[in-house]
Amino acid sequence: MLRLWCLPRWLARALLMALLLAGCAMAPVQEMSDARQALLAAEEAGAQEYAGDTLANARAYLGRAEQALSAHDYERAREQAELASAAAREARELALERMQQRPRE
């Protein structure tokens, strides 16, 4: 096992920073899952019919997130997944509002 206290301070700090930065470069698994769940919730709320454009935007963001994930561009994948989640939530809210506003049969 590597003993950090035997290393010069600058080297120990550099190793610690490298470990911390490696943690930041992890795949955005939770963000991708959140985006997919938000899309499903929007679809179940009727967003396809009542907020189609916003739902299409969410799907496009998710598609770009999946492409970035495949290319190991985790920062971009995370950003696009977060945008997908936000757009899907907006689509769900719009669908629920518009559904309540329609005339009752």
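Everything in this summary refers to the structure shown in the same document. Bear in mind that the values here come from a model prediction, so they are computed numbers and not experimental data. (Residues numbered from 1 in each chain as written. Predicted model: local features only at pLDDT ≥ 70, side-chain atom pairs only at ≥ 80, totals over all residues. Heavy atoms only, no water.)

Quick notes on the overall build of the protein
Reasoning step 1: Scanning the protein from N- to C-terminus turns up five helices and zero strands.
Reasoning step 2: Each helix and strand of the protein, ordered N terminal to C terminal, gives the series α-α-α-α-α.
Reasoning step 3: Among the 105 residues that make up the protein, the fraction classed as buried is 26%.
Reasoning step 4: Sequence separation of 24 or more characterises 70% of the internal contacts of the protein that already satisfy a separation of 6 or more.
Reasoning step 5: Of the roughly 7,700 Å² of accessible surface on the protein, 55% is carried by carbon and sulfur atoms. (Helix = DSSP H or I, 4+ residues; strand = E, 2+ residues; numbered from the N terminus. Buried < 20%, exposed > 50% of the residue type's maximum accessible area, 1.4 Å probe, protein only. Contact = heavy atoms within 4.5 Å. Areas by Shrake-Rupley, 256 points an atom, 1.4 Å probe, with all protein chains shown as cover.)

Focus: the environment of histidine 72
Reasoning step 1: Residue position: histidine 72 is located in the loop between helix H4 (52-70) and helix H5 (74-101).
Reasoning step 2: Remark: the alpha-carbon pair of histidine 72 and alanine 27, spanning 45 residues in sequence, is separated by 7.6 Å.

Digging into H5
Reasoning step 1: Over its 28 residues, H5 runs 40 Å from end to end, which matches the ideal 40 Å to within 8%, given 1.5 Å per residue.
Reasoning step 2: Burial in H5 covers these residues: Ala77, Gln80, Ala81, Ala84, Ser85, Ala87, Ala88, Ala91 and Ala95.
Reasoning step 3: On the buried face of H5, the contacting elements are helix H2 (29-44), helix H3 (47-50) and H4. (Expected span 1.5 Å × (residues − 1).)

Some details on the pattern of salt bridges
Reasoning step 1: In total, this model carries three salt bridges according to the counting rule given.
Reasoning step 2: The closest approach of N and O atoms between glutamate 31 and arginine 78, which form a salt bridge, is 3.2 Å. Residue glutamate 31 is located in helix H2, and its partner arginine 78 is located in helix H5; the two are separated by 47 residues in the primary sequence. (Salt bridge = Lys/Arg side-chain N within 4 Å of Asp/Glu carboxyl O.)

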